[in-house]
Every structure is written in C-alpha cells, then in structure tokens.
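Structure at a glance
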Amino acid sequence: SLLITNVCINCDVCAPACPNDAISQGEFIYEIEPRRCTECVGHHEEPQCVVVCPVECIIPDPQRPESRAALQLKYAALMAEK
Ligand code: SF4
Ligand code: SF4
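So, a few notes on the structure that sits alongside this text. Just so you know, these numbers come straight off a predicted model, no measurement behind them.

1. A few points about the pattern of salt bridges
If you walk through the whole model with that rule in mind, you get five salt bridges. A salt bridge links E81 to R36, with the shortest nitrogen-to-oxygen separation between them at 3.8 Å. Of this pair, E81 sits in helix α3 (residues 68-81) while R36 sits in the loop between β3 (30-32) and α2 (48-52), placing them 45 residues apart in sequence. By relative accessible area, which is 18% here, R36 ends up buried. One salt bridge in this structure joins D61 and R64, with 3.0 Å as the shortest N-O distance. Shared partners join several salt bridges into a network, and the residues in it are E33, R35, R36 and E81.

2. Quick look at the nonpolar core
The biggest cluster of nonpolar side chains holds 16 residues, and the ones touching the most others in it are I4, I23, Y30, I32 and I58. Among the secondary structure elements, those contributing two or more residues to this core are β1 (2-4), α1 (14-17) and β3. Excluding its chain neighbours within four sequence positions, the residues that come into contact with I23 are I4, C14, A15, C18, Y30, E31, I32 and C49.

Rules of the game
Residues numbered from 1 in each chain as written. Chains lettered and ligands numbered in written order. Predicted model: local features only at pLDDT ≥ 70, side-chain atom pairs only at ≥ 80, totals over all residues. Heavy atoms only, no water. Salt bridge = Lys/Arg side-chain N within 4 Å of Asp/Glu carboxyl O. Helix = DSSP H or I, 4+ residues; strand = E, 2+ residues; numbered from the N terminus. Buried < 20%, exposed > 50% of the residue type's maximum accessible area, 1.4 Å probe, protein only. Core = buried A, V, L, I, M, F, W, Y, C linked by side-chain atoms within 4.5 Å. Contact = heavy atoms within 4.5 Å.

Spelled out as structure tokens, the structure:
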C-alpha cells in the first residue's frame, strides 16, 4: 500500500484518479485505505495517485511493504467483491 504524507495540500486530484476508490479526505489530509490500495497493480503500470499528485507526497508505506504477487492477490479479491 502507498501512504500520503503530511505534505498533502488537500487538492483532491488523487481521489478521482484511483481505480480502487482507496483515497478519501481524512481529518487533516487525504488518506489511503490500505485494504483497497493495490499500488495500481491490475489497473495501471504506475500508481496513478503518484502520477497526478502535484506535491509528490505519496510514498510506499514503510509499515506495509507488499510484493507484486501480494498486490495481485489483493486486486483479485477486490474484483471478487464487485
Ligand atoms: Fe489508488 Fe493506485 Fe494510489 Fe493505491 S496507488 S491509492 S490503488 S491510485
Ligand atoms: Fe494530497 Fe497529493 Fe492527493 Fe492532492 S493529489 S490530495 S496533495 S495526496
């Protein structure tokens, strides 16, 4: 999962770009729901939130390192929910 750091300026550009609806406005800054973030695996070559964020404040979550295989499984599970 990726993580939004407190450099976030609450511009709302990333939320509509997320194919997994993983991003929402939090109490202070925008937040990524780890359960829903596949780092865009299954949808795009690059994490779309990182591509669009104007202040480059989105990083890999150091608490939640995930292999590509794990992200692929998460993607499959999210698709099965639909
Ligand atoms: Fe959404 Fe992709 Fe960003 Fe994860 S990396 S929050 S899935 S846009
Ligand atoms: Fe925050 Fe970047 Fe998302 Fe804008 S695009 S709300 S600055 S994380």
